[in-house]
Amino acid sequence: MTYTGKAAIRLVDVKKTFDGKEYVVNGMNLEIPKGSLTAIIGFSGTGKSVILKHILGLYKPTSGLVEVLGKNIVDMNADELTKFRRNFGVLFQGAALFDDMTVLENVCFPLVEHRKELTESQMIEIATKKLKQVGLDPKHFEKLPSQISGGMQKRTGLARALALDPEILFYDEPTTGLDPILTEMVDNLILETHKHREGITSVMVSHDLDAAFRIADYVAMLDAGKVLLFGKPEVFFNTDIELVKRFVAKGMKRQ
Amino acid sequence: MISRTAARIDQAWRFFVQEATSFVREVGSILLFAYDSIRLSFTPPYRYVEIIRHMEFIGNESVFIISLTGLFTGLALSFQIYLGFKMVNAVNLVGPTVALGISRELGPVLTGLIVAARAGGAMAARLGTMRVNEQIDALDVMGVNTKQYLIAPRIYAAVICMPLLCAIFDFIAMLGAWFLCVKLVDLDEAIFWDKIRSTIDVRHINEGLIKAGVFGFVFAVICTYRGFYTTGGAKGVGEATNRGVVMSMVMIIVLDYFLTNLLRMAQQMMGIST
């Protein structure tokens, strides 16, 4: 499907409570422009991962609207959601590779599931192309995930996320737990991947403020289950909101 | 004094109701989980290859341990029965007694317990690890129906493999019984086999095989349910595996009694002598 609207993702007054008392997401409004690279940042426990799971359809909001590529995913049933998710690619924090499959098989997996019209050699060709695009050496293609480094696992995870040419690419804390060199490598990879495919919308949930301000077109900072500030990175350096100023100052100093 | 006793009774009653409610709720959600998985298996894409892959793990890789257990169960059971029957001069009935016990009870129950511990535990641990490593979430967001892909093939594989494993267990256990009775305690081989042939009917063996299929369904559903809904990292995986295996084993033993009665009732309704 090709969506031509301005906002790839739109959240309108989204609220979420797990226990019926405390709201983890409390009236969130957010519009992520199509074709942008948007970073979602915030202190721990502000609802970043929860909101990502809402956008992916893994959680249903207690109330509110979650619109992705012009479709309200809240009203979709499980089968519709399963089909709709083919527009998504996700790079998980730990890459989430299938450990009983080789690197190449991992990248072929979405093609085997959803592109049945392709022959095996065509699938391998596409997977090889995606793996080369993310800079993985072909000598690692036949290795199991446990036999490659963390950085290579991230590359493989990204190649797998790209396999079906998704409209939206999500990165869930892509650099958490990585050393500074690997962090920079992953950040550059995200930026290159975003530039490489025209029109793709990228959403990155991150603690890494340096990366968020360096590579993102837009940044959304969450607090107490709401969007505290949304805008281009420079907005965050010229704001009067005390919490944002403190967060940015501490975050940048730490890095 | 009376009011304190009443308070204790009230407390105990509340505890009982709470536990019973949570048990019923859990059984309900396990059954819904199984129903959902099986319903989805009738929609494309059909996962034949996955079923065969899991059959290889549940069935083929359990043959050795089932054979070993079967052999020693046959040896031990026939020896105990021989010692008992010798006291009443009924050693000729050792063969059929062992055969009935093995085919109707011990075969399916022990096969169920062993495979639940081996394959069921592995299922729960595997799915639990996939859950905590976000592999199940990855499948979800890739548009793969996780219950159809991960759960249904395991349930089918267990239901298909368990009767086959039970048949192997029965056969090897009877070989063990034959070896003990004929080779070690010198019973007459012709009488041993003749008494078995005149007592054992195919329906006795079928009863055990039906039970084995049901036990396969039970442990596969319980262990996959536990693994699929694992929370809390490595500790959670351990707990899911432990709870899955323990609950499966208890359910197999409890269900065995009810299945025995149910099958007996069914046979009586059909006018078959039991």
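For the structure itself, consult the block above.
As a starting point, this report considers the structure included with it. Only a predicted model underlies this, so the values are computations on that prediction, with no experimental measurement involved.

## Observations regarding the overall build of chain B
For chain B, the count of helices and strands is nine helices and zero strands. Walking chain B from its N terminus toward its C terminus, one meets helices and strands in the order α-α-α-α-α-α-α-α-α. Over its C-alpha atoms, taken along the principal directions, chain B stretches across nearly 65 × 65 × 40 Å. Counting across all 274 residues of chain B, residues that qualify as buried make up 41%. Residue pairs in contact within chain B that sit at least 24 positions apart in sequence constitute 87% of those at least 6 positions apart.

## Details of the packing of helix H1 (residues 2–41) of chain B against helix H8 (residues 202–228) of chain B
Residues and elements named next belong to chain B. As a packed pair, H1 and H8 sit with axes 10 Å apart at the nearest point and diverge in direction by 100 degrees. Compared by their axis directions, H1 and H8 come out roughly perpendicular. Across the interface between the two elements, Ile30, Phe33 and Ala34 from H1 touch Val221, Ile222 and Tyr225 from H8. Here the contact of H1 with H8 is built from residues that sort into six nonpolar, no polar and no charged.

## Here's the deal with the environment of A:Asp99
Residues and elements named next belong to chain A. Its place among the elements puts aspartate 99 in the loop between strand S6 (88–91) and helix H3 (103–114). Under the C-beta neighbour-count criterion, aspartate 99 is labelled partly exposed, with 14 such atoms within 10 Å. Along the chain, aspartate 99 and serine 146 lie 47 residues apart, while their C-alpha atoms are 7.0 Å from each other. In this view, aspartate 99 contacts Leu144, Pro145 and Ser146; residues no more than four positions away in its chain are not counted.

## Some points on the environment of B:Val63
Tracing the backbone through its elements, the reader meets B:Val63 in helix H3 (residues 63–87). Counting along the chain gives 75 residues from B:Val63 to B:Ala138, while the straight-line C-alpha distance between them is 34 Å.

## What about the sheet that holds strand S7 (residues 168–172) of chain A?
Residue and element names in this part refer to chain A. The six strands are arranged S6-S7-S8-S3-S9-S10 in an open sheet whose pairing can be described as mixed. Each edge of the open sheet is held by one strand with a lone partner, namely S6 and strand S10 (226–231). When the angles between neighbouring strand axes are averaged without regard to direction, this sheet yields 20 degrees. In this sheet, strand S8 (residues 201–205) lies alongside strand S3 (residues 37–42) in parallel orientation, the contact comprising four bridges. Across the sheet, residue leucine 37 finds its bridge partner in S8, namely serine 202.

## Focus on helix H5 (residues 150–162) of chain A
Here H5(A) is 13 residues long and its end C-alpha atoms lie 18 Å apart, about the 18 Å a rise of 1.5 Å per residue gives. Across the 13 residues of H5(A), 10 count as buried, placing the element largely inside the fold.

## Some details on the pairing of strand S1 (residues 7–17) of chain A
All names here are of chain A. Examined bridge by bridge, S1 and strand S2 (residues 23–33) share eight bridges and lie antiparallel to one another. Each bridged residue has a counterpart across the sheet, and for arginine 10 the counterpart in S2 is glutamate 31. Between S1 and S2, which follow one another and run antiparallel, lie five residues, and glycine 20 among them has a positive phi close to 85 degrees. With five bridges connecting them, S1 and strand S4 (residues 63–68) associate as antiparallel partners. Bridge assignment links isoleucine 9 to a residue of S4, and that residue is valine 68.

So, how was this worked out
- Residues numbered from 1 in each chain as written.
- Chains lettered and ligands numbered in written order.
- Predicted model: local features only at pLDDT ≥ 70, side-chain atom pairs only at ≥ 80, totals over all residues.
- Helix = DSSP H or I, 4+ residues; strand = E, 2+ residues; numbered from the N terminus.
- Buried ≥ 20, exposed ≤ 12 C-beta atoms within 10 Å, placed from the backbone.
- Contact = placed C-beta atoms within 7 Å.
- Axes fitted to C-alpha atoms, helices over the stretch in contact; angles between N-to-C directions.
- Parallel < 35°, antiparallel > 145°, perpendicular 65-115°, else oblique.
- Nonpolar A, V, L, I, M, F, W, Y, C, P; charged D, E, K, R; others polar.
- Pairing = 2+ DSSP bridges.
- Expected span 1.5 Å × (residues − 1).

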